Amino acid sequence: MSASGGTKAIVAALAANLAIAASKFVAFLFSGSSSMLAESVHSLADSGNQGLLLLGGKKAQKEATPQHPFGYGRERYIYAFLVSIVLFSVGGMFAIYEGYEKIKHPHEIKAWYWPVGVLIFAIIAETFSFRTAIKESNEVRGGLSWKEFVRRAKAPELPVVLLEDLGALIGLILALVGVSLALVTGNGVWDGIGTLCIGILLIVIAIVLAAETKSLLLGEAAGVDEVKKIEAALVDGTTVTRIIHMRTLHLGPEELLVAAKVAVEHDDTAAEVAAAIDAAEERIRAAVPIARVIYLEPDIYNEAAAAAGTAPGGTPGGPGTAH
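Per chain, residues are indexed from 1 in the order of the written sequence. Two thresholds apply to this predicted model, a pLDDT of at least 70 for residue-level local features and 80 or more for giving and counting side-chain atom pairs, whereas whole-chain, interface and lining totals are computed over all residues. Excluded from the side-chain calculations are hydrogens and water; all other atoms, namely the structure's heavy atoms, are used.

Trainee: Looking at this structure, I do not really get the side chain of Asn17. What am I missing?
Mentor: To qualify as a helix, a DSSP run of H or I must reach at least 4 residues; to qualify as a strand, a run of E must reach at least 2; elements of each kind are numbered from the N terminus. Structurally, the position occupied by Asn17 is in helix 1 (residues 7-31). By relative accessible area, Asn17 is classed as buried at 1%. Between buried and exposed lies partly exposed: a residue is buried under 20% and exposed over 50% of the maximum accessible area for its type, with that area taken using a 1.4 Å probe on protein chains only.

Trainee: Help me understand the pattern of salt bridges, please; the structure alone is not making it clear to me.
Mentor: Opposite charge on two side chains permits pairing when their charged atoms draw close. Here a salt bridge means any side-chain nitrogen of Lys or Arg lying within 4 Å of a carboxyl oxygen belonging to Asp or Glu. All told, the structure shown has 11 salt bridges when counted by the stated rule. The salt bridge involving Lys102 is made with Glu98; its shortest N-O contact spans 2.7 Å. Of this pair, Lys102 and Glu98 both sit in helix 3 (residues 75-104), four residues apart, which is roughly one turn of that helix. This pair shows no difference in class: Lys102 is buried, exactly as Glu98 is. Between Lys261 and Glu297 there is a salt bridge, with its nearest N and O atoms 3.4 Å apart. Of this pair, Lys261 sits in strand 2 (residues 255-264) while Glu297 sits in strand 3 (residues 291-299), and the two are 36 residues apart along the sequence. Among the residues examined, Lys261 registers a relative accessible area of 6% and is labelled buried. Counted as one network, the salt bridges with shared partners bring together Arg76, Glu157 and Glu254.

Trainee: Would you take a moment to explain the sheet that holds strand 3 for this structure?
Mentor: Strand pairing in a sheet relies on backbone hydrogen bonds. The paired strands run either parallel or antiparallel. Two strands pair if DSSP finds at least two bridges between them. The mixed open sheet is built from three strands, whose spatial order is 1-2-3. Either end of the sheet is taken by a strand with one partner, and the two such strands are strand 1 (240-252) and strand 3. Across the sheet, the axes of successive neighbouring strands diverge by a mean angle of 15°, strand direction being ignored. Here strand 1 pairs with strand 2 via 10 bridges, running antiparallel. Residue pairing for strand 2: Ile243 is matched across the bridge by Val262. A contact between two residues is defined here by any heavy atoms of the two lying within 4.5 Å. Orientation is described by lines fitted to C-alpha atoms, with helices fitted over the stretch in contact, and by angles between N-to-C directions that extend from 0 to 180 degrees. The strands that helix 9 (residues 270-287) touches are strand 1, strand 2 and strand 3; relative to strand 3, the one it contacts most, it runs at about 150°.

Trainee: Is there a simple way to think about the pairing of strand 2 in this case?
Mentor: Each regular strand carries side chains that alternate between the two faces of the sheet. Burial within strand 2 is extensive, with nine of its 10 residues counted as buried. In terms of strand pairing, strand 2 meets strand 3 through eight bridges, oriented parallel. Following the sheet pairing, Lys261 is matched in strand 3 by Glu297. By convention a crossover is right-handed if, when the strands point away from the viewer, the path from the first strand over the helix to the second runs clockwise. In this region the chain leaves strand 2, passes through helix 9 and returns to the parallel neighbour strand 3; the handedness of that crossover is right-handed.

So this is what it looks like as structure tokens:
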């Protein structure tokens, strides 16, 4: 996994969640707090999720095969999608069930100092993990807002860790509020309400993650900046005079496919066209290094046919071409 994959953020989150999960479960055993049980399962699910992200990064490095000629880069998207499923089922649905049970059958919280102490420890640990994820994300997000970064990032690991850590911090605060209200009022229903809120929060985050990774799985084009660089690199004004139409597709976070039909002069020889195509490919790779699979088709541009929209070489979403 490349640096942009956020390996450091994943490992930091994994270490924090394993320690937090153990401490929360101990606090649950001593206090009987449903919020602590829900948070224990939440942290355990998060630990499994970070393991899935690391596994996806490892599998994505496999060499291409005849059956998978474009490689395994999308393994990272598949495992990120699995994270959303785990977060929804193991984390969210369990917390909602546990919250409902505790509201229906409230229990008094015993040994209050265990859940309160562990929650404060967990908030501190999650803050450090979240800080690492923010630091790694700032190195790659450029001028994008956080919302844009989550929606546009082609490497799924950092957005996943960011949302998980954010959800964990909010969940811990909800658990602390629920436990505190239960202690102050002597009514265990508040503990159940806090647990229920944690479940709803996890389900919302899981749905957001699923929607974003679904888009990546379906196949996303290069970003606007990359497209502009490719277009500028393709046309040299002499041998390649214009782009008739072009498509880009991410085969993985760090691997881009570029397919384009380009216009060449009608009196160029086959050798000149071949040399022009080779030169254009070199320019694209120099401008956008992740453009590793490039297919360029030379053609003769006919302006009248293109303007009339009768060109047989057009593709959906792109301008027509004429022969």
